Amino acid sequence: MNKIHNKEDLFLKVKDAFGTEHKKLENLKESKKLFSSYKKLNDACRDIPFDWQFNAIHWVFGIRKICDEIAFSLSWMKAYAEVYKAIHPPESALSHTNFQISYFADNCITRIDSCKDKIALMIWSYYCPFDPRENVLIYEHIRERIAFPLKFGLNIKGVKKLLNYLDLLNNDAFDQISRYRHMKIHRREPRIEIYGPKTHHDWPYMVPLYKTKEKEKWHKKVDEKYPDMEKWDRESIKKSCYIKGILFDQEVLKERLWAYNDIENLIYECFLAVLKSASGCFHVLSLKKPFKKNRPM
């Protein structure tokens, strides 16, 4: 990469890298299948029939939009990462994080998790009328109802193919996506280390121990850590860990640090699965009434 002299040069490099990455995503066979299957459903919108099953089209539009947003964010994330690595080698700093990379990674992950639910809601809206102004079901609850309708007193038929496409979103990769999003919204901020996390990239969090089993486990841990120490010395250490009568331990929280390469691979894998799942469901719905009936011949 040519030497970068100022911020304008930097942005031009990132912009060029973005164009290259976005073109790659547009040319994926999975993307082309999504465009094609979406067009079939979009063509069915010549008029809006008084049919509650047609509500599925609202979710179709939303899914299509989110897929564009994921591709946009993924392209920017990879572009910024490419330029960052070209400028900053691993040995240039003790830690390597970047606002833009983290920002677009967060965008990708939250939208992938959202799209997973919306694909399920699209199917659910076709088989069961519901009011989206109220609390709606999430992916796991919808999948269970579709897979085991009798368990919920439902009469759902002809759903096998849709269930197969829905199951593309049910694996460990999507579980990781959900955990990251949960951290982002409800826990400490996830941190992406561009060259991977090291032990010095985070420090312990002081957590209070209230439960009896927690305390017993902690005392045992201290005894095992200092087996050659006099008992009164160990007791002195234990006593120093109490603050106003409350026992505290220091723990490095799990899953707060993420390696950039892992994040990139995870996002890409899940994005492909979203494209396959969405395009497959679009295709199946396009062959069903009222969409099939409403499509131009």
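Residues numbered from 1 in each chain as written. Predicted model: local features only at pLDDT ≥ 70, side-chain atom pairs only at ≥ 80, totals over all residues. Heavy atoms only, no water.

Engineer: How would you explain the overall build of the protein chain if you had to name every residue and give the values?
Structural biologist: Along the backbone of the protein chain there are 11 helices and five strands. For 297 residues, the compact-globule estimate of 2.2 N^0.38 gives 19 Å, and the protein chain exceeds it by more than 25% at 25 Å. Projected onto its principal axes, the C-alpha positions of the protein chain cover 85 × 60 × 30 Å. A total of 297 residues make up the protein chain; the buried ones form 39% of that total. (Helix = DSSP H or I, 4+ residues; strand = E, 2+ residues; numbered from the N terminus. Rg over C-alpha atoms; globule rule 2.2 N^0.38 Å. Buried < 20%, exposed > 50% of the residue type's maximum accessible area, 1.4 Å probe, protein only.)

Engineer: Please set out unusual backbone geometry residue by residue, giving values where relevant.
Structural biologist: With an omega of 5°, the peptide bond running from K289 to P290 counts as cis. With respect to the helices, strands and loops of the structure, P290 is situated in the loop between helix 10 (260-286) and helix 11 (291-294). Positive phi outside glycine occurs at E255, with the angle close to 60°. Relative to the helices and strands, E255 resides in the loop between strand 4 (246-251) and strand 5 (257-259). The exposure class assigned to E255 is partly exposed, which follows from its relative accessible area of 35%.

Engineer: I'd like a description of the sheet that holds strand 3 (residues 242-243), backed by residues and values.
Structural biologist: Taken in spatial order, the three strands of this open sheet run 2-4-3, and their pairing is antiparallel. Both outer strands of the open sheet, strand 2 (205-209) and strand 3, are each paired with one neighbouring strand and no more. Sheet analysis places strand 3 next to strand 4, joined by two bridges and oriented antiparallel. Along strand 4, the bridge assignment pairs Y242 with L247. (Pairing = 2+ DSSP bridges.)

Engineer: Mind laying out the pairing of strand 4, listing which residues take part and the relevant values?
Structural biologist: Here five bridges tie strand 2 to strand 4, and the two strands are oriented antiparallel to one another. Its bridge partner lying in strand 4, Y205 is registered against E251. The antiparallel pairing of strand 3 with strand 4 creates a hairpin that spans two residues between the two strands, and K244 there sits at a positive phi of about 50°.

Engineer: Which residues make up the packing of helix 2 (residues 29-43) against helix 10, and what values do they have?
Structural biologist: Across the interface, helix 2 lies against helix 10 with an axial gap of 8 Å and an inter-helix angle of 30°. If you check the angle between helix 2 and helix 10, you find them roughly parallel. In terms of crossing hand, the pair formed by helix 2 and helix 10 is left-handed. For the pair helix 2 and helix 10, contact is made by E30, S31, K33, L34, S37, Y38, K40 and L41 and by L272, L275, K276, A278, S279, F282, H283, L285 and S286, respectively. Residue composition of the contact of helix 2 with helix 10, grouped by class: eight nonpolar, five polar and four charged. (Axes fitted to C-alpha atoms, helices over the stretch in contact; angles between N-to-C directions. Parallel < 35°, antiparallel > 145°, perpendicular 65-115°, else oblique. Left-handed = near helix turned anticlockwise from the far one by under 90°. Contact = heavy atoms within 4.5 Å. Nonpolar A, V, L, I, M, F, W, Y, C, P; charged D, E, K, R; others polar.)

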